[in-house]
Amino acid sequence: MSDPQRTPLNAGNFRKKYTESVKTEKDNVLEKGTLSLAQKLELRLNLMTCRRRVVDMEFALAMIGIILMVFEAELYINQKISKLGFYSLMLKCLISLSTVFLLIFICAEYYVSAKIRALDSNIQSVLSVMTFRQWMYLVLELVVCSIHPFPGNIKFEYSSTQGVIHSVSIDAILSIVMLGRLYLVCHFAVVHSNMVTDTFIYSIGMISKTKINTTFVIKALISKRPGFLLIVVMVTTVIVNTWAYRACELYFDRNKYKKNSIFESLWIITMVFLSSDHGDVLPESYCGRFVAVMTAVMGLITSSLLIAIIAQQIEHTRSEKHVFAFASRVQTSCKKKSAAADAIKSFFKLTVLIKSGKAGYREISRLKDKVKQSLKMMRTTREEMMDIYDDTVGVVDVAEVTWRVEQRVSVLESRFNSLEEKIDLILSKVER
């Protein structure tokens, strides 16, 4: 038997053999899906950057579409253009074009998010991480963002609350529903939050098995700056609903422009938002009534939350509460001691006067009343001291005391066990 032919070992063959081995190792790693932690973090950072850019495009396209829609509606309301005119058709075509690109970027955003979830779960197939809920969210977003005023002039018969029938363009409803794209503002803020982009926070979430998602970021923002966030929501709600109410009323009857001016609509929406009486001005269309009802509901919710936040900010912190309780205890203790001294002093004077027999009835009655008042003050201060202790001790304090007791008990138990072992050892030596 002859030996197999051996290839000469030179620099070219060695480099070729080495590169082939590295390529086969990379292929095996990609096939098995076993990436190191550094590679996962780098790949996830790239996907997060791609997702942020896609969401930026979504936000830009949504805002462009809304601005064009408002511009076209204002021109029509002010009777500057008609629905079949050149400028209206051009603006609506631009709105439709931005809507098409917006739907494409929404699908791309869901695809990138699915790749991120697949990377976190060590799954290669993107479709495997798309649950039924994710598909429903995707369909819902596509439906909401696809609604916009179409080119043309489709009208329908619409009756007011007083029974007056008008021929109204369907753009009145489509324009109001198109404002639903404003939810992308929240999505834009969440994606640009450092809690999503920071690798350190993601690593902590992976270790603690906590999902750093949209819900987590929104809760963190609410707990971090609740007052500012709530005021922004309230102002945005008033501004958006003001234009929506005005569009509903003027699409129904464009001849009542002065009655439904921007300032009059702002006044009505503000009064409804604050649940106040808005006078004799009432919406004439059912669309305007619907906007007013939604404004009232949002006003009730946000006003209640704002009152709760203000009450929470007024409340003392834990350290301030302890300082205030200490000062209150000192003052109450001084009152109690002063009342006890007054009681002893008045009782001593009363005893001396009664034994001497020189005191009158009024003087004795005055001293008796003073003793009773001092005793009553002592009982009152005792109750105040108990209330101060009850208000100071909270759930956090109880938990801290419980933790300290457990630590002390565990230390004592370990010392007792070691002492017991030493005693057993001493007894065993004594028996020997």
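Residues numbered from 1 in each chain as written. Predicted model: local features only at pLDDT ≥ 70, side-chain atom pairs only at ≥ 80, totals over all residues. Heavy atoms only, no water.

**Student:** Please give an account of the state of the cysteines that cites residues and values.
**Tutor:** Under the definition given, this model contains one disulfide. The disulfide partner of Cys-248 is Cys-287, and the S-S distance across this bridge is 2.0 Å. Here Cys-248, found in helix H10 (residues 226-252), pairs with Cys-287, found in helix H12 (residues 286-314); they are 39 residues apart in sequence, far enough to count as distant. (Disulfide = S-S within 2.5 Å. Helix = DSSP H or I, 4+ residues; strand = E, 2+ residues; numbered from the N terminus.)

**Student:** Got a sec to walk through a nonpolar patch on the surface? Specific residues and values, please.
**Tutor:** Nonpolar side chains collect at one region of the surface, where Phe-86, Tyr-87, Met-90, Leu-94, Leu-97, Val-100, Phe-101 and Ile-104 lie side by side and expose about 810 Å² of accessible area between them. Within the fold, Met-90 resides in helix H3 (residues 86-120). (Patch = residues over 30% accessible without salt bridge, like charges linked within 9 Å, V, L, I, M, F, W, Y side chains within 5 Å. Areas by Shrake-Rupley, 256 points an atom, 1.4 Å probe, with all protein chains shown as cover. Salt bridge = Lys/Arg side-chain N within 4 Å of Asp/Glu carboxyl O.)

**Student:** Can you lay out the packing of helix H5 (residues 171-178) against H10 for me, pointing to particular residues and giving the numbers?
**Tutor:** Interaxial distance between H5 and H10 falls to 10 Å at its minimum, and their mutual angle equals 175°. It follows from the interaxial angle that H5 and H10 lie roughly antiparallel. Only Trp-243, Ala-244, Ala-247, Cys-248 and Tyr-251 of H10 make contact with H5, whose side of the interface consists of Asp-171, Ala-172, Ser-175 and Ile-176. For the contact of H5 with H10, the per-class residue count stands at seven nonpolar, one polar and one charged. (Axes fitted to C-alpha atoms, helices over the stretch in contact; angles between N-to-C directions. Parallel < 35°, antiparallel > 145°, perpendicular 65-115°, else oblique. Contact = heavy atoms within 4.5 Å. Nonpolar A, V, L, I, M, F, W, Y, C, P; charged D, E, K, R; others polar.)

**Student:** Could you give an account of the packing of aromatic side chains, with specific residues and numbers?
**Tutor:** Inspection of every chain in the model, using the stated rule, returns three aromatic pairs. Their ring planes at 70° and their centres at 5.6 Å tell us that Phe-86 and Tyr-87 sit as a pair that is edge-to-face. Accessibility classification places Phe-86 together with Tyr-87 in one group, the exposed group. Taking NZ or CZ as reference, Lys-83 lies 4.5 Å from the ring centre of Tyr-76, over its face. (Phe/Tyr/Trp six-rings, centres within 6.5 Å; stacked < 30°, edge-to-face > 60°. Buried < 20%, exposed > 50% of the residue type's maximum accessible area, 1.4 Å probe, protein only. Lys NZ or Arg CZ within 6 Å of the ring centre and 35° of its normal.)

**Student:** Quick one: what's the story with the side chain of Asn-241, residue by residue and with numbers?
**Tutor:** Within the fold, Asn-241 resides in helix H10. According to the relative accessible area criterion, Asn-241 is buried, its value standing at 14%. Ignoring any residue separated from it by four or fewer positions in sequence, one finds Asn-241 in contact with Ile-269, Val-291 and Thr-295.

**Student:** Go over the pattern of salt bridges, please, and point to the residues and values.
**Tutor:** All told, the structure shown has five salt bridges when counted by the stated rule. Put simply, Glu-72 and Lys-83 hold a salt bridge, and the shortest N to O gap is 3.1 Å. Of the two residues, Glu-72 is situated in helix H2 (residues 37-77) and Lys-83 in the loop between H2 and H3; the sequence distance between them amounts to 11 residues. Taken as a pair, Glu-72 and Lys-83 share a single burial class, namely buried. It is possible to trace a salt-bridge network through shared partners that takes in Glu-72, Lys-83, Lys-92 and Asp-171.

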